[in-house]
Amino acid sequence: MTISYKWLSEYLPAGPAGQPVVDPERLSRILTSIGLEVESMEAYEEVKGGLKGLVIGEVLHTEKHPNADKLTLARVSVGAGEPLQIVCGAPNVAAGQKVVVATVGTTIYPSAGEPMTMKVAKIRNVESYGMICAEDEIGLGSSHAGILVLPAAANVGTPAADYFKPYSDIIYEIGLTPNRMDAMSHWGVARDVCAYLSHHDKKDFKPRLPVINGFKADSLSFPIEVKVENEAACPRYSGVSIDKVTIGESPLWLKQRLKAIGLRPINNIVDITNYIQHETGQPLHAFDAELISGRKIVVKNLPERTRFVTLDEKERALGADDLMICDEKEGICIAGVFGGLHSGVTEKTKTIFLESAFFEGIGIRKTSFRHNLRTDAASRFEKGTDISATVLVLKRAALLIKEICGGEIASEITDNYPNKKEKTEIVVKWHYIKKLSGKNYHPDTAKNILTGLGFEIIKEGIDELRVSVPYHKPDISLPADIVEEIVRIDGLDNIHIPEAITITPAVEEQYAAEVFREKTANYLVGLGYHEMMTNSITNAAYFSAEELESMVSMKNSLSAELNILRNSLFETALEVVAHNLNHKNNSLRLFEFGKAYSTQGPGKYAEQEQLCILLSGNVREDHWKEKAVAADFYALKGTVENVLRVLGVKPDTVESLPVPKMRHQIVYRVNNQVIAGAGEVSKPQLDKFGIRQPVFYAGLNWELLVTLAAAGSSQIREIPKYPAVQRDLAMIVAKELPWAEVEKTVQKIKLDKLRDIKLFDIFESEKLGAGKKSVAVNFTFLDEEKTLTDKEIDGWMNRIMGTLEKDLQAEIRK
């Protein structure tokens, strides 16, 4: 929410000598103290630099530059001291003109380009002591046809800032929580600030609102009939017709206010509706009344898939739940969200129908997201507006339109409000206020704070207080909410902190899981990996129709790109890779613990904790001593196997398994369950994310791994006293034979003294024969009780060679 200091000050009581009652710094502290956190406070200048240092001058004399045909030598008076000699290149400079002069030392801020500080300059061997400015050179416009010539009445020596009076302000960005719809306007913020000042300064401060007592219908020449068919979605609808308006540019003060809070002025009618929305929090909509067929407004739902063209000239298919503003023939506006193309105000409009309504928030939010139309009006309606304010705001807007746009009010106000909403009543106990706030408030203090916020005291008892909640606070429904309002205005900084705090230590149910997670994360960080955190919600466009059948879609998605829960960490991890590569971070070692989601039918949902590990780029960068080493599948495989080793989980099998999104992948199984998979991401998947370098990805079933790790036990044993013995073996095997088959074949012999098997060389050559390769394997043997003899080792090696020859048709190279 953006708040203007000058705009807000209009609704606060005036201080001494008519000055604002609070300065910008104190206002910032007050806003944060009452729960309207100030995220930023910045000076705003309509003209950058505020024209500081610029002065009004008069050209006394001109002559041609002695060394340049297109330059003019001018003598300019700036009111003080001797006239300045200035070299000017503008074709329209002439004696007697009143101009804007940038003297030496002044910094100017052009409409386009970098700021420039004036210095004494020698131009074609003639010194120039400043510059006569064009409007684009000082940020006052875009024209560069010549210097800016002022009226003859302009006083020489007057600072340009005093002559042009550029608008400046202090702008606050407030971080509003979703329940604070009452503060989504300058008037709402002023009400809170006045309540704070009344409480802390011990004076009765009341916010000021513009007077609307002068409202009356000038004629009844253009009545519009209103009919609400869906009263649940539109409990109140108010409107009025205004005839003989003139559509044009807004006055300067209005444009300045809107630009200060980041809004672009469009025309006087649209600007007024935007101004009123940010003043009061009530969205308005103006229709060209002459385009309303049958002079009739009908608020209803249209059939599913009805086509409707919105103001942005896009044709949209309406949902059956979308509330529409219709005329006698068709829809003319998506209620509370966006106007239609053929009913909006244009420069030809002479009569308008002004709408001020209360729409049910949930329906507006669904419609807004369904059509990806996140408008200011929709954001206010979905959080809740003040149902009691529609007519008051309508009168305020109508009088402002009449003042700025001319015309006359051409109908009485139509107010369709069949079921008047009753105010919420809440009973709060005095002891409950003390218990929840930790502070013993005097009853008068609590009552004054609440009445300052618009609450009405219905009944006060010895033990309790009964209040009615104002319509502008629809989120207030519980006694705890009343306590929050009191504490908020008293100041969240004033909450008393006791000297002693009594707590009961919690028992961690998932202690083992957290230990394994921390251990694994620390290990990966030690290897140079960085932990990433990604959104569980991702884009359905990443997945095939087959995958989407088992995925969990979002009913109220945050945006069109975030509309489904991920079924693995794969896609969101690749988004991180793409983001880093786009920022020239090309060597990546990443991991993430996160949840994946799936469904097996309506109401049957499952979530699974997963760990992903990702490698891309180089695993070792260029160094004076060694060359860079690129990441590959084996580097990732080693990391995965080390993680399993850290957890104490030993896979039963490791095998290749084709996967559509991977170029090749291996999977690790325990008890025939997949505990991990690792491989290289396929090129089509990389292309989908705009990634142009290899990426290696591993996904681990973290839930299953934690279960297996917890079921196992750690064993500690001393370092063997006797030496291990290593033997190498080279053999020729079929070219397509995977290493896993060699491992499996050796392991089935069950040699208890065989501690390790390692592949250390692969050689391929036509000399070995067609479809053949040579592999060299290292075997490590160890007996912890004695030193092994050559005879024992030779016996085991013979058994290994025999088994390899028999089962794999290996040819042992001797």
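Being a predicted model, the structure only gives us computed values, none of them experimental.

Caption draft 1: Summary view of the overall build of the protein. What the protein contains, in helices and strands, is 20 helices and 44 strands. Over its C-alpha trace the protein gives a radius of gyration of 38 Å, far above what one expects of a compact globule, namely 28 Å for 814 residues. For the protein, the spread of C-alpha atoms along the principal axes amounts to about 115 × 90 × 65 Å. Here the contacts in the protein between residues at least 6 apart in sequence split such that 69% fall between residues at least 24 apart. As displayed, the protein has an accessible area near 42500 Å², and 50% of this comes from carbon and sulfur atoms. For the protein, the distance from the average site of its 97 positive side-chain charges to the average site of its 110 negative ones is 2 Å.

Caption draft 2: Focus on the side chain of Glu137. Relative to the assigned elements, Glu137 resides in the loop between strand E11 (131-132) and strand E12 (149-150). The buried charged residue Glu137 lacks any salt bridge partner; its closest oppositely charged side chain belongs to Lys70, at an N-O distance of 16 Å. If we ignore the near neighbours within four places in the chain, the residues touching Glu137 are Ile108, Tyr109, Pro110, Met131, Ile132 and His144.

Caption draft 3: Molecular detail of the packing of helix H4 (residues 186-201) against helix H12 (residues 479-490). Viewed as axis vectors pointing N to C, H4 and H12 meet at an angle of 70°, and their least axial separation amounts to 9 Å. Classified by the angle their axes make, H4 and H12 are roughly perpendicular. Contacts between H4 and H12 involve Asp192, Ala195, Tyr196, His199 and His200 on the former and, on the latter, Arg488, Ile489 and Asp490. Split by residue class, the contact of H4 with H12 holds three nonpolar, two polar and three charged.

Caption draft 4: Inspection of the sheet that holds strand E20 (residues 323-326) at higher detail. Ordered in space as E14-E17-E20-E21-E22, the five strands form an open sheet in which the pairing is mixed. Sheet topology places strand E14 (225-228) and strand E22 (338-339) at the edges, where each strand pairs with a single neighbour. Relative to E20, strand E17 (residues 296-301) runs antiparallel, the two sharing four bridges. Each residue of the ladder has a partner; that of Lys300, found in E20, is Met324.

Caption draft 5: Seen up close, the packing of aromatic side chains. Counted according to the given criterion, the structure contains 13 aromatic pairs. Summarising the aromatic geometry, the rings of Phe591 and Phe593 are spaced 6.1 Å apart at their centres and angled 85° between planes, so their arrangement reads as edge-to-face. Classification of Phe591 by relative accessible area gives buried; the value is 0%. Accessibility expressed as a relative area gives 8% for Phe593, which makes it buried. Here Phe633 and Tyr634 contribute two aromatic rings whose centre-to-centre distance is 5.3 Å and whose plane-to-plane angle is 75°, an arrangement assigned as edge-to-face. Taking relative accessible area as the criterion, Phe633 reaches 9% and is therefore assigned buried. Aromatic rings pair up to connect Trp7, Trp253 and Tyr275 into one cluster.

Caption draft 6: Focus on the sheet that holds strand E43 (residues 772-781). Spatially, the four strands line up as an open sheet ordered E42-E43-E41-E44, and their pairing is antiparallel. Where the open sheet ends on each side, the last strands, each with one partner, are strand E42 (754-763) and strand E44 (811-813). When the angles between neighbouring strand axes are averaged without regard to direction, this sheet yields 30°. Strand direction decides the pairing type here: strand E41 (residues 725-734) and E43, joined by 10 bridges, are antiparallel. Within the sheet, the bridge partner assigned to Gln726 lies in E43 and is Thr780. Packing against the sheet, helix H19 (residues 739-747) makes contact with E41, E42 and E43, and its axis sits at approximately 150° to E42. With respect to the sheet, helix H20 (residues 790-808) is in contact with E41, E43 and E44, its orientation differing from that of E41 by roughly 15°.

Caption draft 7: Focus on the side chain of Asp386. Position of Asp386 among the secondary structure elements: in the loop between helix H8 (376-383) and helix H9 (390-405). Notably, Asp386 is buried but unbridged: the nearest opposite-charge side chain belongs to Arg191, and the N-O separation is 5.9 Å. In this structure the side chain of Asp386 is engaged in a polar contact, spanning 2.6 Å, whose partner is the side chain of Ser388. When neighbours within four sequence positions are excluded, Asp386 is seen to be in contact with Met181, Gln282, Phe358, Tyr471 and His472.

Caption draft 8: Here's a closer look at the packing of helix H13 (residues 511-526) against helix H18 (residues 702-711). Viewed as axis vectors pointing N to C, H13 and H18 meet at an angle of 105°, and their least axial separation amounts to 10 Å. Here H13 lies roughly perpendicular to H18, going by the angle between them. Of the residues in H18, those touching H13 at Ala513, Phe516, Arg517 and Thr520 are Trp702, Val706, Ala709 and Ala710.

Caption draft 9: Representation of the pattern of salt bridges. A full pass over the atoms with the stated rule returns 45 salt bridges. Across the pair Arg180 and Asp192 runs a salt bridge, and its minimum N-O distance is 2.7 Å. Within this pair, whereas Arg180 is found in the loop between strand E13 (168-175) and H4, its partner Asp192 is found in helix H4, the two being separated by 12 residues in sequence. There is no split in this pair, since Arg180 and Asp192 are both buried. Put simply, Lys637 and Glu641 hold a salt bridge, and the shortest N to O gap is 3.0 Å. Pair noted here: Lys637 and Glu641 are both in helix H16 (residues 633-647), with a separation of four residues, about one helical turn. Relative accessible area serves as the criterion here: at 24%, Lys637 is assigned to the partly exposed category.

Caption draft 10: Expanded view of the pairing of strand E37 (residues 653-656). Sheet topology note: the E37/strand E38 (residues 662-670) ladder contains four bridges and is antiparallel. Residue pairing across strands places Thr653 opposite Arg669, the latter belonging to E38. Between the end of E37 and the start of E38, which pair antiparallel, lie five residues.

Caption draft 11: Expanded view of the pairing of E17. As paired strands, E14 and E17 are joined by four bridges and run parallel to one another. Across the sheet, the residue bridging to Val228 is Val299, located in E17.

Caption draft 12: A look at the state of the cysteines. Following the criterion strictly, the structure yields zero disulfides and no others. With no disulfide of its own, Cys405 lies closest to Cys333 among cysteine sulfurs, the gap being 19 Å. Residue classification places Cys405 among the buried residues on the basis of a relative accessible area of 3%.

Caption draft 13: Summary view of a nonpolar patch on the surface. Residues Val104, Val120 and Tyr129 make up a contiguous nonpolar surface patch of about 230 Å² in total accessible area. Counting through the fold element by element, Val104 comes out in the loop between strand E6 (98-102) and strand E7 (107-108). When its relative accessible area of 40% is taken as the criterion, Val104 is described as partly exposed.

Caption draft 14: Region of interest: the environment of Val100. Within the element layout of this structure, Val100 appears in strand E6. Sequence spacing of Val100 and Val55 is 45 residues, and the spatial spacing of their C-alpha atoms is 5.8 Å. In this view, Val100 contacts Leu54, Val55, Ile56, Met131, Ile132, Cys133, Ile138, Leu148, Leu150, Ala160 and Phe164; residues no more than four positions away in its chain are not counted.

Caption draft 15: View of the environment of Leu737. Residue position: Leu737 is located in the loop between E41 and H19. Given the relative accessible area of 16%, Leu737 is considered buried. A C-alpha to C-alpha distance of 8.6 Å links Leu737 and Leu808, two positions 71 residues apart in sequence. Filtering out sequence-adjacent residues up to four positions away, Leu737 remains in contact with Val742, Lys773 and Leu808.

Criteria and cut-off values
- Residues numbered from 1 in each chain as written.
- Predicted model: local features only at pLDDT ≥ 70, side-chain atom pairs only at ≥ 80, totals over all residues.
- Heavy atoms only, no water.
- Helix = DSSP H or I, 4+ residues; strand = E, 2+ residues; numbered from the N terminus.
- Rg over C-alpha atoms; globule rule 2.2 N^0.38 Å.
- Contact = heavy atoms within 4.5 Å.
- Areas by Shrake-Rupley, 256 points an atom, 1.4 Å probe, with all protein chains shown as cover.
- Lys, Arg positive; Asp, Glu negative; His and termini not counted.
- Charge placed at Lys NZ, Arg CZ, Asp CG, Glu CD.
- Buried < 20%, exposed > 50% of the residue type's maximum accessible area, 1.4 Å probe, protein only.
- Salt bridge = Lys/Arg side-chain N within 4 Å of Asp/Glu carboxyl O.
- Axes fitted to C-alpha atoms, helices over the stretch in contact; angles between N-to-C directions.
- Parallel < 35°, antiparallel > 145°, perpendicular 65-115°, else oblique.
- Nonpolar A, V, L, I, M, F, W, Y, C, P; charged D, E, K, R; others polar.
- Pairing = 2+ DSSP bridges.
- Phe/Tyr/Trp six-rings, centres within 6.5 Å; stacked < 30°, edge-to-face > 60°.
- Polar contact = N/O pair within 3.5 Å; in protein donor to acceptor, adjacent residues only side chain to side chain.
- Disulfide = S-S within 2.5 Å.
- Patch = residues over 30% accessible without salt bridge, like charges linked within 9 Å, V, L, I, M, F, W, Y side chains within 5 Å.

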